[in-house]
Amino acid sequence: MSTQTHALDSHMPGTPPGDLAIWLFIFAELLAFGIFFLSYAFARAHNVELFNESQQHLNRESGAVNTVVLITSSYFVVRAVAAIREGLSRQCAHWLSAAIGLGGVFLVIKLFEFQAKFSAGISLSTNTFYMFYLSLTIFHFMHVILGMVILAAVMLKARRGGYSAEHHTGVETGASYWHMVDLLWIILFPLVYIIR
């Protein structure tokens with residue numbers, strides 16, 4: 001059994017880390033967001049003044065803080081993968097716990113941002129810019145929640161000693177998804193909050 005499991009669980013050089021299924025899912029998600037981003041750019045090109053004016057009412061500071069928060073959380077996930085590759089399950093779990101905590105910080109900041117917009121009477125039907133802003137950020141928000149759930153499942157398994165230096169595909173799989181979530185925000189933040 002161990003030889004077969006080792007063959008299935010080992011990371012082959014030149015292949016993406018983690019399970020193949022997560023990469024199919026990631027590519028599908030990137031395609032969906034890519035279509036969203038292109039639609040945003042197309043709509044903006046036809047409503048530049050509206051988009052620029054509406055964009056001024058976004059909280060760039062909270063967006064920038066959230067960018068730092070997600071980049072830092074991705075660093076923690078990298079540390080978790082490095083720890084498990086050395087067989088350090090407890091350290092892996094601690095790093096994942098820190099990443100999940102920062103994911104929570106991201107969500108809280110976004111909730112304050114959403115609450116401010118909804119209190120001001122802004123909704124999906126306010127204008128084209130806010131339709132895209134709310135759709136993109138809420139869609140990403142849900143991906144952060146899913147990423148936190150995935151990392152939590154990986155963390156709990158790591159705490160129970162379910163991964164080792166030889167068998168840790170699950171950690172790499174969870175990390176790959178979290179890095180996608182981070183990458184999407186790194187694109188989304190300047191696209192929606194900054195570029196004029």
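Residues numbered from 1 in each chain as written. Predicted model: local features only at pLDDT ≥ 70, side-chain atom pairs only at ≥ 80, totals over all residues. Heavy atoms only, no water.

## Some points on the nonpolar core
In summary, soluble globular proteins display a tendency toward joint burial of nonpolar side chains.
Part 1 of the reasoning: In terms of nonpolar packing, the biggest core is built from 54 residues, with Tyr-40, Cys-92, Leu-96, Phe-129, Tyr-133 and Val-192 touching the most fellow members.
Part 2 of the reasoning: For this core, the secondary-structure elements that each account for two or more residues are α2 (20-46), α4 (60-85), α5 (89-119), α6 (128-159) and α7 (169-194). (Core = buried A, V, L, I, M, F, W, Y, C linked by side-chain atoms within 4.5 Å. Buried < 20%, exposed > 50% of the residue type's maximum accessible area, 1.4 Å probe, protein only. Helix = DSSP H or I, 4+ residues; strand = E, 2+ residues; numbered from the N terminus.)

## Quick look at the pattern of salt bridges
Part 1 of the reasoning: Under the criterion given, the structure shown has two salt bridges.
Part 2 of the reasoning: Salt-bridge contacts for Arg-85 lead to Glu-172; the nearest nitrogen and oxygen are separated by 2.7 Å. With a gap of 87 residues between them, Arg-85 in helix α4 and Glu-172 in helix α7 connect regions that are remote in the sequence.
Part 3 of the reasoning: For Arg-85, a relative accessible area of 44% gives the class partly exposed. (Salt bridge = Lys/Arg side-chain N within 4 Å of Asp/Glu carboxyl O.)

## Some points on the packing of aromatic side chains
Part 1 of the reasoning: Applying the stated criterion across every chain yields a total of 22 aromatic pairs.
Part 2 of the reasoning: When the centroid spacing of 5.9 Å and the interplanar angle of 45° are considered together, the rings of Phe-33 and Phe-37 count as tilted. Residue Phe-33 and its partner Phe-37 are both found in helix α2; the two are separated by four residues, about one turn of the helix.
Part 3 of the reasoning: Ring plane angle 20° and centroid distance 4.7 Å describe the contact between Phe-33 and Phe-139, whose orientation is recorded as stacked. Of this pair, Phe-33 sits in helix α2 while Phe-139 sits in helix α6, placing them 106 residues apart in sequence.
Part 4 of the reasoning: Overall, the relative accessible area of 0% leaves Phe-33 in the buried class.
Part 5 of the reasoning: What makes Phe-139 partly exposed here is its relative accessible area of 24%.
Part 6 of the reasoning: Taken together, the ring pairs in this structure connect Tyr-40, Phe-51, Phe-106, Phe-129, Tyr-130, Phe-132, Tyr-133, Trp-185, Phe-189 and Tyr-193 into an aromatic cluster. (Phe/Tyr/Trp six-rings, centres within 6.5 Å; stacked < 30°, edge-to-face > 60°.)

## A short note on α7
Part 1 of the reasoning: Along its 26 residues, α7 runs 37 Å from first to last C-alpha, staying within 8% of the 38 Å computed at 1.5 Å per residue.
Part 2 of the reasoning: Of all the bends in α7, the greatest reaches close to 25° and is centred on Leu-188; the proline Pro-190 follows between one and four positions later.
Part 3 of the reasoning: Of all 26 residues in α7, 19 are buried; the element is thus mostly enclosed. (Expected span 1.5 Å × (residues − 1). Bend = angle between axes of the 7 residues up to and from the residue.)

## Concerning the confidence of the model for the chain
As a general rule, the predicted coordinates of low-pLDDT regions are not to be interpreted in detail.
Part 1 of the reasoning: Here the chain averages 90 in pLDDT, while 91% of its residues score no lower than 70.
Part 2 of the reasoning: Mean pLDDT per element in the chain: helix α1 (residues 2-9) is the minimum at 41, and α5 is the maximum at 97.
Part 3 of the reasoning: Here residues 1-8 scores under 50 on pLDDT; set against residues more than four positions off or in separate chains, the count is three contacts. (pLDDT = per-residue confidence, 0-100. Contact = heavy atoms within 4.5 Å.)

## Quick look at the environment of Ser-119
Part 1 of the reasoning: By secondary structure assignment, the location of Ser-119 is in helix α5.
Part 2 of the reasoning: Residues Ser-119 and Met-131 lie twelve residues apart in sequence; the distance between their C-alpha atoms is 16 Å.
Part 3 of the reasoning: Among the polar contacts listed, one links the side chain of Ser-119 to the backbone oxygen of Gln-115, at a separation of 2.8 Å. (Polar contact = N/O pair within 3.5 Å; in protein donor to acceptor, adjacent residues only side chain to side chain.)

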